[in-house]
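# Structure at a glance
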Amino acid sequence: MASIALFDDNEVYLEILQQILQTEGHDVSVHSSTSLDSPGVLKQADIFLIDVWFGTEKAGLSLVKKLKQQISDSKKIILMSSDSDVDKYASEVTADGYIQKPFDIPKLLSMLTL
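Let me begin by describing the structure that accompanies this report.

Helix length check: helix α1 (residues 11-23), at 13 residues, gives a terminal C-alpha distance of 18 Å against a target of 18 Å (1.5 Å per residue), a fit within 8%. Taking the backbone nitrogen of Val12 as reference, a side-chain oxygen 2.9 Å away marks Asn10 as the first, capping residue of α1. Looking one or two places after α1, you find Gly25, whose phi comes out positive at around 95°.

This paragraph deals with the pattern of salt bridges. Inspection of every chain in the model, using the stated rule, returns two salt bridges. As a salt-bridge pair, Lys101 and Asp8 come within 2.6 Å of each other at their nearest N and O atoms. Note that Lys101 is positioned in the loop between β5 (97-100) and α4 (105-111) and Asp8 in the loop between β1 (3-7) and α1, a separation of 93 residues in sequence. With respect to class, Lys101 is no different from Asp8; both count as buried. A salt bridge links Asp51 to Lys101, with the nearest nitrogen and oxygen atoms 3.4 Å apart. Residue Asp51 is found in strand β3 (residues 47-51), and its partner Lys101 is found in the loop between β5 and α4; the two are separated by 50 residues along the sequence. Classification of Asp51 by relative accessible area gives buried; the value is 2%. Classification of Lys101 as buried rests on a relative accessible area of 6%.

Core analysis: the biggest nonpolar cluster contains 15 residues, and Ile4, Leu49 and Leu112 have the highest contact counts within it. Where this core is concerned, the elements lending two or more residues are β1, α1, β3 and α4. Among the elements that take part in this core, α1 stands out by supplying three residues, more than any other. Within the second largest apolar cluster, 14 residues are counted, among which are Ala5, Phe48, Ile50 and Ile71.

Note that Leu6 resides in strand β1. The sequence separation of Leu6 and Leu17 amounts to eleven residues, and the corresponding C-alpha distance is 8.3 Å.

On to the packing of aromatic side chains, then. Scanning the entire structure with this criterion turns up two aromatic pairs. Seen in terms of ring centroids, Tyr13 and Phe103 are 5.7 Å apart; in terms of plane orientation they differ by 40°. Their pairing is tilted. With Tyr13 in helix α1 and Phe103 in the loop between β5 and α4, this pair connects stretches of sequence that are 90 residues apart. Sitting over the face of the ring of Tyr13, Lys101 holds its NZ or CZ atom 4.2 Å from the ring centroid.

About the criteria used
Residues numbered from 1 in each chain as written. Predicted model: local features only at pLDDT ≥ 70, side-chain atom pairs only at ≥ 80, totals over all residues. Heavy atoms only, no water. Helix = DSSP H or I, 4+ residues; strand = E, 2+ residues; numbered from the N terminus. Expected span 1.5 Å × (residues − 1). Polar contact = N/O pair within 3.5 Å; in protein donor to acceptor, adjacent residues only side chain to side chain. Salt bridge = Lys/Arg side-chain N within 4 Å of Asp/Glu carboxyl O. Buried < 20%, exposed > 50% of the residue type's maximum accessible area, 1.4 Å probe, protein only. Core = buried A, V, L, I, M, F, W, Y, C linked by side-chain atoms within 4.5 Å. Phe/Tyr/Trp six-rings, centres within 6.5 Å; stacked < 30°, edge-to-face > 60°. Lys NZ or Arg CZ within 6 Å of the ring centre and 35° of its normal.

What follows is the structure in structure tokens.
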């Protein structure tokens, strides 16, 4: 299965997603907004699940841009709150995919297929 780095400042989403993804056999590392400055937080993973509103306003977009420069062979998916500009944000950072919160678990899992 895949190694997944999950970035979200909502502790409930972090916990739920971690449980679901680990149950599916994935190796999951979780990161809250306070862990962004920790050493090694941007280590290699197969997939990065990132909330656009992670941390400060739209810090998730900056994180995707940074990852695209540093780790080009990973799949990035943006997790978002309900927002009408989903397409705009995803194309702005050339994300590999996006899904709106609250998300459909089967749809999310299908997006993780490498």
